[in-house]
Amino acid sequence: MTRRPLLHVLAGLTATALVALAIVAQPATGATANLAANPGFESGLTGWTCSAAVAVASPTHSGSGAVAGTPAGQNFAQCSQQVSVQPNSQYTLSAWVQGSYVYLGATGTGTTDPQTWTSSSGWQQLSTSFTTGASTTSVTIYVHGWYGQPTYYLDDVSLAGPAGNQPPPTTTTTTTTTTTTGPTSPPSSGLPAHALVGYLHTSFGNGSGYQPIASVPAAWNVIDLAFADSAGNGNIVFNRCAASECAGVESDADFLAGVKAQQAKGKKVVISIGGANGEVQLTSAGAATNFVNSVSAIIDKWGLDGVDIDFENQSLSLQAGDADFRSPTTPVVVYLISALKQLKARYGARFVLTMAPETFFVQLGYQFYGPGPNNAQDPRAGAFLPVIYALRDSLTLLTVQDYNSGPIMGLDNQYHQMGGADFHIAMTDMLLTGFPVAGNTSRVFPALSPGQVAIGVPANQNAGNGWISTGALDQALDCLTKNTNCGGYAVHGKHPDLRGLMTWSINWDKFNNWEFATNFTSYFGG
């Protein structure tokens, strides 16, 4: 979140992207015959475990059999096979495929699990390689399609390398439909069907003008008090803006009365922690305890409804070896999760929890996660994903900042840039669909409920990079809620229950004669 216009660039991403590309296939040393059973599907699906896929006689790459997989909903239409291998050995995996976004990979290698993909109208060979770990005796090879894509075809799978010493594992064949983890079930939020979220400058001034909380217009449903900052070792402080910096600032008594007045109207008032100039790191259990106690003191003093986590800069980054968002090991992530769960337990069902990370910390995780297997990537990439995942059933709203962002790859595997409806469509579609983290289909970040998602945009051109006109914003809403007016992006569903919009900020919208709030009310009919 910007207190002043701040361009957040993806420094070093181009270099790290080279490191994170799919593994280039290398010949396997001492390769033997093909280790894959029934590799050409001449015996139907024997030896394979398949979902939403069937054996077909045409088209084939060779022989008389192949597989046709048809993705449905969140089902990738995957076919997989477990194969015995030898430890500390090199293998080459390949398959002939055709169709939109077909993926080939292996899991359980004991080292870096490889994956590669293609989109082809004709038969094309995919190939990748891997080396097994010191104790690896079997791996799972797989091929699958992608969300919302048409039927793909698979034939002539090959796994070349030293044969394992174990007998081939028993496999089963099935064509039943299975899915990844579905959308989360959000807590009861007490919010209207469509909500408007805005940040209120309460601890600083930046040229947009001070706005007393009591006079925030009725259009705003969630008021984020910006910002509480770190005092070190997990302690958080909230200092209201001084009169010398914020002309017209109200007294503490009037501010408290204003909070209560907004709540009496059904509004939620939460303390936002962090911001562009703030940096919060919980590095120990003691720091987590300090965080819980100091944030609770702020909530209790002002009678607030909850917290907004707006950690930016170096607040969250992942350590080497922390590769699975579902079970993080990095202390600053682990202790933040613990602290937020403690706050939720302390205040119960009425506690409002929102998060406003940048795209770098969320959607970038589709391509890159943490420092990567070679420790050559920006360790902040995707670093918010484990926090969101761990708190998904307590999360009231996720309001990713679709601004001050570099280009981000969407689910169409195309880069999307700020400045139009397309960026908001693609970034939000990722949250509502889910996505494999760093391309690993065994580690899919699950879709959030539409009721948990609000799109974060700047209120005007002064507020941050990435501002778009109200017309372009309405186009994004049309696409996501009605599946119309989408331009060139194919969304993976229609979400009329999308919660709404977040903006930086209420003050900047007042500066712009309330254009943002007025358009929101007009669009959703509030």
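Residues numbered from 1 in each chain as written. Predicted model: local features only at pLDDT ≥ 70, side-chain atom pairs only at ≥ 80, totals over all residues. Heavy atoms only, no water.

### Re empty space enclosed by the protein
Rule in force here: Think of a 1 Å grid over the protein atoms and nothing else: a 1.4 Å probe that fits but is trapped marks a cavity, an open set flanked by protein within 12 Å on at least five of seven lines marks a pocket, and residues with an atom within 4 Å of a point count as lining. Grid points are joined across faces, edges and corners, and a volume is the space filled by probe spheres set on the points. The classification used treats Ala, Val, Leu, Ile, Met, Phe, Trp, Tyr, Cys and Pro as nonpolar, Asp, Glu, Lys and Arg as charged, and all other residues, Gly among them, as polar.
Scanning the model with the defined rule gives one cavity of 30 Å³ or more in all. Roughly 60 Å³ of internal volume is contained in the largest cavity. Taken together, Val457, Pro458, Ala459, Trp467, Ile468, Ser469, Thr470, Leu473, Glu515 and Phe516 form the lining of the largest cavity. Of the residues contributing to the lining of the largest cavity, the split by class is seven nonpolar, two polar and one charged.

### A few points about the pairing of strand β20 (residues 454-458)
Counted only if it meets this: The cut-offs for exposure are 20% and 50% of the maximum accessible area for each residue type, with area from a 1.4 Å probe on protein chains only; residues under the lower value are buried, those over the upper are exposed, and the others partly exposed. Numbering of helices and strands runs from the N terminus, with a helix taken as a DSSP run of H or I at least four residues long and a strand as a DSSP run of E at least two residues long. Should DSSP find at least two bridges between two strands, the strands are taken to pair.
Burial runs high along β20: five of the five residues are buried. Of the two faces of β20, the one holding Ala454, Gly456 and Pro458 and the one holding Ile455 and Val457 are both buried throughout. Relative to strand β21 (residues 500-504), β20 is paired through five bridges, and the arrangement is parallel. Within β21, the position partnered with Val457 by the bridge is Thr503.

### Section: the nonpolar core
Note the following rule: Buried Ala, Val, Leu, Ile, Met, Phe, Trp, Tyr and Cys residues form a nonpolar core when they are joined through side-chain atoms within 4.5 Å. We call two residues in contact when some of their heavy atoms are within 4.5 Å.
Of all hydrophobic cores here, the largest spans 105 residues; its most connected members are Phe291, Leu340 and Met355. The contact partners of Met355, leaving out residues within four places of it in the chain, are Asp308, Ile309, Leu340, Phe384, Val387, Ile388, Leu391, Leu395, Leu397, Leu398 and Thr399. Counting residues in each nonpolar core, the second largest holds 29 residues, with Val97, Leu126, Phe130 and Leu154 among its members.

### Focus: the environment of Tyr152
In plain terms, the rule: As used in this structure description, the phrase polar contact means that two N or O atoms lie within 3.5 Å; if the pair is within protein, one of them must be able to donate a hydrogen and the other to accept it, and residues adjacent in sequence are counted only when both atoms belong to side chains.
With respect to the helices, strands and loops of the structure, Tyr152 is situated in strand β8 (residues 152-160). Judged by its relative accessible area of 1%, Tyr152 is buried. Sequence spacing of Tyr152 and Gly69 is 83 residues, and the spatial spacing of their C-alpha atoms is 5.3 Å. Within the local environment of Tyr152, its side chain forms a polar contact with the backbone oxygen of Ala77, the two atoms lying 2.6 Å apart.

### Notes on the state of the cysteines
To be explicit about the condition: A pair of sulfur atoms, both from cysteines and within 2.5 Å, is called a disulfide here.
What the rule picks out here adds up to three disulfides. Cys241 shares a disulfide with Cys246; S-S distance 1.9 Å. Its S-S torsion of approximately 80 degrees makes the covalent link between Cys241 and Cys246 right-handed. Across this residue pair, the class does not change: Cys241 and Cys246 are buried. Between the sulfur atoms of Cys479 and its disulfide mate Cys486 the distance is 2.1 Å. Here the S-S torsion is close to 100 degrees, and the disulfide linking Cys479 with Cys486 is therefore right-handed. Ordinal numbering of bonded cysteines along the protein chain defines a disulfide pattern of 1-2, 3-4, 5-6.

### Here we look at the side chain of Ser294
As for its position among the elements, Ser294 is in helix α3 (residues 285-302). Taking relative accessible area as the criterion, Ser294 reaches 12% and is therefore assigned buried. Ignoring sequence-local partners within four residues, the contact set of Ser294 consists of Gly234, Asn235 and Ile236.

### A closer look at the side chain of Asn38
The topology assignment puts Asn38 in the loop between α1 (13-20) and β1 (49-50). One polar contact links the side chain of Asn38 to the main-chain carbonyl oxygen of Gly44, over a distance of 2.9 Å. Discounting chain neighbours no more than four positions away, the residues touching Asn38 are Ser43, Gly44, Leu45, Thr46 and Trp48.

### So, the pairing of strand β3 (residues 66-69)
By the alternation rule, side chains of β3 split into Ala66 and Ala68 and Val67 and Gly69, which are all buried. In this structure, strand β2 (residues 53-56) lies alongside β3, joined through four bridges in antiparallel fashion. Across the sheet, residue Ala55 finds its bridge partner in β3, namely Val67. One ladder, built from three bridges, connects β3 with β8; its direction is antiparallel. What sits directly across from Val67, in β8, is Leu154.

Treat this as a map of the structure, not an account of what it does.
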